[in-house]
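# Notes for the structure review
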Amino acid sequence: MTTYRLDGSTTTLLLLQRDNGLPEIVHWGARLGGRTPAGAVGALRDRANRRNGLDEDHVEAALMPTLGTGSLRTAALVASRSGTDWTAEFTDVAIVAAPGALEVTARDPVARLTLEIFLTLAADGDVLGMRSVLRNDGDTPLQVERLAAGVFLLPADAEELLVFDGRWGHEFTERRISLTSGLWASENRRGRSHDRFPGIIAGHRGFDEDRGLVHGVHLGWSGNHRTSAERLEDGRVLVVTGEWLHPGEVELAPGGTLETPLAYASVSANGLSGLSRRFHDMVRREVLSWPGGAMRPRPVTLNTWEGNYFTHRHDRLVAQAAAAKQLGIERFVLDDGWMAGRDHERAGLGDWWPDARKYPDGLGPLVQAVTGLGLEFGLWVEPEMVNPDSDLYRAHPDAVLKVAGRALRTSRHQLILDLTRPEIAEGIFGQLDTLLRAHPISYLKWDMNRDFVAAGDAEGRPAYRQHLLANYALLTRLRAAHPALEIETCSSGGGRPDFGILRHTNRVWTSDCTDALERLAIQRGFSRFLPPELMGAHVAASPNHQTGRRHTLGFRAAVAAFGHMGVELDPTGLDEQERVELAGWIALHKRLRPLLHGGGHAALRMQAGRSVRGVISRDRRQAAFLVAQERSEAHRAPPLVFPGLDPALDYRLLAAPPQHLDTRLSASQRILFEEGLVVSGALLGTAGMALPEMQPETALVLELAAHV
Ligand code: GLA
């Protein structure tokens, strides 16, 4: 018997290997002190004398549960050779330990399989990474239905799941689900995940922002996926996450391998805020890569979509860019509508050159005008797609994902190109590369606006995962050819917001819903796993284009200011007062940007109809809080007790910006808003502060800085 362990800064994964089989997960949680000999760990896990069970005990929480081993819960590996070799039992297992990593190589001589499992846990982090590779050692093909990327064990009191569903425009909708017995599973089959974000959080009943042992699991994959949480016979919970495969999607020829994406898991003893911080830090450290090696201040963006839609007029766009510059905006993104024939959704995708009527001299004059103003130029593309009404489709009608004999189902009047075919990927790369070489375009907004349905390759086999891998490869190639390029992942808003796509991209368009009230909930769910500097958040017009709601500029701007801020309206249509006000919010965002995007501690409070989101710098000398009144409540909100401040410090507390408040203030509150007050961190962290009564759908920002 042997134990293996991985230690993070405050967490431990402990595995036990008996005989020569796959290891059992003994513990994934708080860091273990002391040393328990393997024999004793084995004795602690033994369940002798079970009545009416198998005569020989079996392992339920194996690192990769399979069929036929005695465990009757979710199998993490399901494969067969046309109905034979459908059980799997690994009996020849070698484990190699290196600092922060375990490598398991396991063989099943009966089903003729080799399985490799890779586990990593950085000593200074607390996010466990797991992935696996399966090889067919037989001489006949192996059909794989499931190969989990990650298998994680939760304690028996994990009875509540926080899951994310919703739909287009309502992404990251948080729901609490009770898991007292049985199985919960989420399966995504549409190739993108507005309604099935690939992450879950679990804890004991009533865990909240700051309290409770909570576990989080995420799959770094932008395609179909399945995550399940199932109670084992002894009450503990096993979470299994990986790709969801269509029938026949993966068949391994003799010697062939299947490699999973990376799954991630983390644990925090300090509730949701602590868990989010771990994921955010890990994403910054291990997932993202930036041109030049480091993130630079996130440029405030003007995105042209809601201000123009498909109507592109050079003079108007230049005037908008100039107005944006005046507001303090730093990047101009030309959204959909610029390509040949793209006057509506029904044409143009696939023909990635400028429309000759809208851009008679190409994109050059607009790019020059915009960059001449000192703004960066970004461009919207949707490279995986084609409209039937396009030159590309007319020339190559067979270039799309389809199943022969079945209806070609369009969505938003578009079809999906078969990127698994090298000549098609090459053609798309060539078109994008030509644009990027011709102009100083430093940013692409990479859209993907439809579900996959009956997505077969040239032979009619399901091509979901292969298409996604080809898309990742295309992004990799494009970034290698244009190292200064940043890319935004946008799939009708939040359809592709996972750690997999973020290896290739630098921002997420969080949702197509730009209503600030809706955004508060969407951004809350987003922030559980993803850091604020990646969260595209735009100030849009009022009334809002999606919901028709009217909001003050202050509310819209304050909500956007806590993400990667942008503006999505025609800035030439603002009156003088609005211009001054919006410029003030943009200046505030820029001033706070190093704090908001600087990897500080993010805190959240929900109280009586209001949400309070804070970022506290790592040294706790600076903090900013967004207080948003989401609705009116019968009871007054309790004082705001500021989380995360240093009780030994005094802070200058200032409400900002004072000139555009939507609230009535007392004389002393007025001092707070206009001059600021010095208050001890101890008092703010205990008695807290009575906030002014705020009307629904208004917000204010509080800033704190250590006072010396
Ligand atoms: C998607 C995006 C929007 C916009 C439109 C353009 O819906 O999410 O931001 O780019 O496409 O067609």
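Residues numbered from 1 in each chain as written. Predicted model: local features only at pLDDT ≥ 70, side-chain atom pairs only at ≥ 80, totals over all residues. Heavy atoms only, no water.

### Focus on the packing of helix α10 (residues 553–561) against helix α11 (residues 576–596)
For clarity, the threshold we go by: Here, axes are lines fitted to C-alpha atoms. For helices the fit covers the stretch in contact, and angles between N-to-C directions go from 0 to 180 degrees. Going along the chain from the N terminus, every DSSP run of H or I of four or more residues is numbered as a helix, and every run of E of two or more is numbered as a strand. These descriptions rest on fixed angle ranges, namely under 35 degrees for roughly parallel, over 145 for roughly antiparallel, 65 to 115 for roughly perpendicular, and the rest for oblique. By convention, the crossing between two helices is left-handed when the near helix turns anticlockwise from the far helix through less than a right angle, and right-handed when the turn is clockwise. By definition, residues are in contact when any of their heavy atoms lie within 4.5 Å. When residues are sorted by character, Ala, Val, Leu, Ile, Met, Phe, Trp, Tyr, Cys and Pro go into the nonpolar class, Asp, Glu, Lys and Arg into the charged class, and all the rest, Gly among them, into the polar class.
Two elements in contact, α10 and α11, have axes whose closest approach is 10 Å; the angle formed by their N-to-C orientations is 20 degrees. Judged by the angle between their axes, α10 and α11 are roughly parallel. Helix-helix and strand crossings are classified by hand; for α10 and α11 the assignment is right-handed. Taken together, the residues of α11 that come into contact with α10 (itself represented by L553, G554, A557, A558 and A561) are E578, E581, L582, W585, H589 and L596. Taken together, the residues that form the contact of α10 with α11 break down as seven nonpolar, two polar and two charged.

### So, the sheet that holds strand β3 (residues 24–30)
To keep it simple, the criterion reads: For two strands to pair, DSSP has to find at least two bridges joining them.
Here three strands make up an open sheet; going across it, the order is β1-β2-β3 and the pairing antiparallel. Both edges of this open sheet fall to β1 (2–7) and β3, since each of them pairs with a single strand only. Mean inter-strand twist for the sheet, computed between neighbouring axes without regard to direction, equals 15 degrees. Both strand β2 (residues 11–17) and β3 contribute to a ladder of six bridges, which runs antiparallel. Bridging from a neighbouring strand, L14 pairs with H27 of β3. Seen against the sheet, helix α1 (residues 38–45) touches β1, β2 and β3 and runs at an angle of roughly 85 degrees to β2.

### Focus on the confidence of the model for the chain
Stated formally: One number per residue, pLDDT, summarises how confident the predictor is, and it ranges from 0 to 100.
In the predicted model, the chain carries a mean pLDDT of 96, and 99% of its residues have values of at least 70. Least confident of the elements in the chain is helix α12 (residues 667–674), whose mean pLDDT is 83; most confident is strand β21 (residues 331–334), at 99.

### Considering the pattern of salt bridges
Which entries qualify depends on this criterion: Put simply, a salt bridge is a Lys or Arg side-chain nitrogen that is within 4 Å of an Asp or Glu carboxyl oxygen. Relative accessibility decides the category of a residue: with a 1.4 Å probe and only protein chains considered, values under 20% of the type maximum give buried, values over 50% give exposed, and everything between is partly exposed.
Using the criterion set out here, one finds 60 salt bridges in the structure. Put simply, R190 and D451 hold a salt bridge, and the shortest N to O gap is 2.6 Å. Here R190 is found in the loop between β12 (183–188) and β13 (199–203), whereas its partner D451 is found in the loop between β25 (441–446) and α8 (464–481), with 261 residues between them in sequence. A salt bridge links R296 to E376; its shortest N-O distance comes to 2.9 Å. You can see R296 sitting in the loop between α2 (271–287) and β20 (301–303) and its partner E376 sitting in strand β22 (residues 376–381), a full 80 residues away along the chain. The exposure class assigned to R296 is partly exposed, which follows from its relative accessible area of 36%.

### Some details on the layout of surface pockets
What counts, and what does not: Points on a 1 Å grid, built from protein atoms alone, make a cavity when a 1.4 Å probe fits but cannot get out and make a pocket when they are open with protein on both sides within 12 Å along at least 5 of 7 lines; residues with an atom within 4 Å of a point are the lining residues. Grid points are joined across faces, edges and corners, and a volume is the space filled by probe spheres set on the points.
For the largest pocket, the calculated volume is near 720 Å³. Together, 27 residues line the largest pocket, and R18, D57, H58, V59 and E89 are the ones closest to its centre. Classifying every residue of the lining of the largest pocket by side-chain character gives seven nonpolar, eight polar and 12 charged. Approximately 400 Å³ is the volume attributed to the second largest pocket. Residue lining of the second largest pocket: 21 residues in total, with R610, Q629, R636, E693 and M694 positioned closest to the centre. Its residues placed into classes, the lining of the second largest pocket shows nine nonpolar, five polar and seven charged.

### Let's talk about the site of the ligand
Test applied: It suffices for a single heavy atom of a residue to lie within 4 Å of a molecule or strand for the residue to be listed as near it. Counted as a polar contact is a pair of N or O atoms within 3.5 Å, where, for protein atoms, one must be capable of donating a hydrogen and the other of accepting one, and residues adjacent in sequence contribute only when both atoms are in side chains.
In the vicinity of the ligand lie 13 residues, with D335, D336, R412, K445 and D512 positioned nearest. Side-chain polar atom of W380 to an oxygen atom of the ligand: 3.1 Å apart, as the coordinates give it. Between G493 and the ligand, the recorded distance is 2.9 Å, taken from a backbone N or O atom to an oxygen atom. Residue classes in the shell around the ligand are distributed as four nonpolar, three polar and six charged.

### Observations concerning the packing of aromatic side chains
Where we set the bar: For Phe, Tyr and Trp, rings pair up if their centres lie within 6.5 Å, where Trp contributes its six-membered ring, and each pair is then called stacked (planes under 30 degrees apart), edge-to-face (over 60) or tilted (otherwise). Whether a charge sits over a ring comes down to the Lys NZ or Arg CZ being within 6 Å of the ring centre and within 35 degrees of the ring normal.
Per the stated rule, a full pass over the model turns up 16 aromatic pairs. Arranged with centres 5.2 Å apart and planes meeting at 85 degrees, the rings of W305 and F310 form a pair that is edge-to-face. Each member of the pair, W305 as well as F310, carries the same accessibility label: buried. Relative to W380, the ring of W352 has its centre 6.1 Å away and its plane inclined at 50 degrees; by these criteria the two rings are tilted. Note that W352 is positioned in the loop between β21 and α5 (364–372) and W380 in strand β22, a separation of 28 residues in sequence. Across this residue pair, the class does not change: W352 and W380 are buried. An aromatic cluster is built from F164, F172, F197, Y264, F279, F499, F526 and F529, whose rings are joined through pairwise contacts. Here R176 stacks its cationic end above the ring of F207, 4.2 Å away from the centre of that ring. Over the ring of F429 we find R477, and its NZ or CZ is 3.6 Å from the ring centre.

### Points about the nonpolar core
Test applied: By nonpolar core we mean a set of buried residues, namely Ala, Val, Leu, Ile, Met, Phe, Trp, Tyr and Cys, connected to one another through side-chain atoms within 4.5 Å.
If you look at the biggest cluster of nonpolar residues, it comprises 176 residues, and the most contacted ones within it are M64, L119, F332, L334, W338 and L444. Among the elements that make up this core, the one with the highest residue count is strand β9 (residues 142–154) (nine residues). Excluding residues that lie within four positions of it along the chain, L334 makes contacts with T304, H312, L317, Y359, L363, L366, F377, G378, L379 and W380. Core analysis: the next-biggest nonpolar cluster, separate from the first, contains 25 residues, A623, F625, L653 and M689 among them.

### Some words on the pairing of strand β31 (residues 610–616)
On a regular strand, one side chain projects to one face of the sheet and the next to the other, so that they alternate. Counting buried positions over the seven residues of β31 gives seven, a clear majority of the element. Covered by surrounding structure in β31 are R610, V612, G614 and I616 together with S611, R613 and V615, the residues of both alternating faces. Where strand β30 (residues 601–607) meets β31, seven bridges bridge the pair, whose relative direction is antiparallel. Note that in β31 the partner of M606 across the bridge is S611. Where β30 folds back onto β31 in an antiparallel hairpin, the turn is made up of two residues, including A608, whose phi is positive at roughly 30 degrees.

### What to know about the sheet that holds β31
As summarised here, the arrangement of the six strands in space is β30-β31-β32-β35-β33-β34, forming an open sheet in which the pairing is antiparallel. Every other strand in the sheet has two partners, leaving β30 and β34 (677–680) as the edge strands with one partner each. Across the sheet, the axes of successive neighbouring strands diverge by a mean angle of 25 degrees, strand direction being ignored. Here strand β33 (residues 650–656) runs beside β34; their pairing, made up of four bridges, is antiparallel. When the sheet's bridge partners are listed, R652 is paired in β34 with V678.

### A few points about empty space enclosed by the protein
Enumeration according to the criterion identifies 14 cavities of 30 Å³ or more in this entry. Put simply, the largest cavity is a space of about 100 Å³. Together, 13 residues line the largest cavity, and L401, L408, R409, V453 and A454 are the ones closest to its centre.

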